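The lines below spell out each chain.
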Amino acid sequence: MKLAIDAMGGDHAPKSVVEGVIKAVAAFPQLEVTLIGDEKKINEYLTDHNRITILHTEEIIEATDEPVRAVRRKKNASMVLMANEVKEGRADGCISAGNTGALMTAGLFIVGRIDGIERPALAPTLPTIDGNGFLLLDAGANVDAKPEHLLQYGIMGSIYAEKVRNVKNPRIGLLNVGTEEKKGNELTKQAFELLKEADINFIGNVESRDLLEGVADVVVTDGFTGNIALKSIEGTAISVFSMLKTALTSNFTSKLAAAVLKPQLRVIKHQMDYSEYGGAALFGLKAPVIKAHGSSDANAIFNAIRQASEMVSNNVAETIKTSIEQE
């Protein structure tokens, strides 16, 4: 198995990317990696070249670049060359922590869309209180959606949850303003009917307040709503931990309590850490394309590599293709 990885994408590149790759290669004996980026900068951190090769380029896509224009014009950018490795069959999947829009563009126009998939979806796995997590899609690949798109999201999410996350008969929920069947706008009402008839374990509408309780294993919505839900969850988690830190360091007594609670707080922080689940997969493409968070450290990159490896090993893209053909 070979993965192509954009070494120059993300806030801490190439250091965190290279360190994550070294850790992953040591953990997965079948894995080979092609790092794409500035060879001189990569070699500052690459202490072990075992099953790791470098494809040199000094061109990168910046976070501020307009995605479509950047992918079209920067033919030698690390992200573009990464996607080409997959297109040309030299890699089974790819990972980048760089410009999200550019990665979606490269995935769609270079890696390619599965026949029958109308709109690929961006799907991160988010933490839940019970530690199992849930898959959210779409989280922003498509602001507008049709009911048929949400049906395909449900099918793709179910396949991923079962094959990669090992969830037996995963529960698929439709994000809505209420749990009643007739709730919502025209999009959700029509999508409800389609999901209800599909060969998946559709449990009906779910509300955003119940997401972290683990109400569903896969939550389906349009990209506009999904992106708002994603950022609300991320922002709330950051704010709560910030408030806790302030409260537990406000005076001497609080600091004593913090010292006692430190192991438990560390467990909670680990449990709610999105990076433990890998990156956000772009579902509906011919091969695994993973968007790692821009602030990813080595551990987050490692988990994104593990995620991509499991998608390749379990033939997720081919299973999605077959399932869509049968619909």
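A few points on the structure. What you see is a predicted model; the values in this text were computed from it and never measured.

Overview of a nonpolar patch on the surface
Residues V143, F224 and I228 make up a contiguous nonpolar surface patch of roughly 290 Å² in combined accessible area. With respect to the secondary-structure elements, V143 resides in the loop between β7 (134–137) and α6 (147–163).

Regarding the environment of V80
Take V80: it is sitting in helix α4 (residues 78–87). Taking the C-alpha atoms as reference points, V80 and I61, separated by 19 residues in sequence, lie 8.6 Å from one another. Ignoring sequence-local partners within four residues, the contact set of V80 consists of I61, V71, K74, K75 and I110.

Points about empty space enclosed by the protein
The final tally for this structure, using the stated rule, is one cavity of 30 Å³ or more. In this structure, the largest cavity occupies an estimated 50 Å³ of space. If you go around the largest cavity, the residues you meet are I114, L282, F283, G284, L285, A287, P288, M311, V316, A317 and I320. Counting only elements with at least two residues in the lining of the largest cavity, the list comes to β11 (280–283) and α11 (316–326). A per-element tally of the lining of the largest cavity places α11 first, with three residues. Along the lines of polarity and charge, the residues of the lining of the largest cavity split into ten nonpolar, one polar and no charged.

Some words on α6
Look at α6: 25 Å from first C-alpha to last across 17 residues, which is about the 24 Å you get at 1.5 Å a residue. Most of α6 is tucked away: 14 of the 17 residues are buried.

Side note on the packing of aromatic side chains
Throughout the structure, instances matching the rule amount to three aromatic pairs. Between the aromatic rings of Y160 and F283, the centroid separation amounts to 5.0 Å while the plane-to-plane angle is 45 degrees, which identifies the pairing as tilted. Remark: F283 occurs in strand β11 and Y160 occurs in helix α6; sequence separation between them is 123 residues. The two residues Y160 and F283 agree in class, both being buried. Between F192 and F202, the aromatic rings sit 5.1 Å apart at their centres with planes inclined by 75 degrees, giving edge-to-face as the arrangement. One end of the pair, F192, is in helix α7 (residues 186–197); the other, F202, is in strand β9 (residues 201–206), and ten residues separate them in sequence. Judged by relative accessible area, which is 6%, F192 ranks as buried. The class of F202 is buried, set by a relative accessible area of 15%. The ring centre of F302 lies 4.7 Å from the NZ or CZ of K23, which sits over that ring.

About the cut-offs
Residues numbered from 1 in each chain as written. Predicted model: local features only at pLDDT ≥ 70, side-chain atom pairs only at ≥ 80, totals over all residues. Heavy atoms only, no water. Patch = residues over 30% accessible without salt bridge, like charges linked within 9 Å, V, L, I, M, F, W, Y side chains within 5 Å. Areas by Shrake-Rupley, 256 points an atom, 1.4 Å probe, with all protein chains shown as cover. Salt bridge = Lys/Arg side-chain N within 4 Å of Asp/Glu carboxyl O. Helix = DSSP H or I, 4+ residues; strand = E, 2+ residues; numbered from the N terminus. Contact = heavy atoms within 4.5 Å. 1 Å grid on protein atoms, 1.4 Å probe; cavity = no way out; pocket = protein on both sides within 12 Å on 5 of 7 lines; lining within 4 Å. Points joined across faces, edges and corners; volume = space filled by probe spheres on them. Nonpolar A, V, L, I, M, F, W, Y, C, P; charged D, E, K, R; others polar. Expected span 1.5 Å × (residues − 1). Buried < 20%, exposed > 50% of the residue type's maximum accessible area, 1.4 Å probe, protein only. Phe/Tyr/Trp six-rings, centres within 6.5 Å; stacked < 30°, edge-to-face > 60°. Lys NZ or Arg CZ within 6 Å of the ring centre and 35° of its normal.

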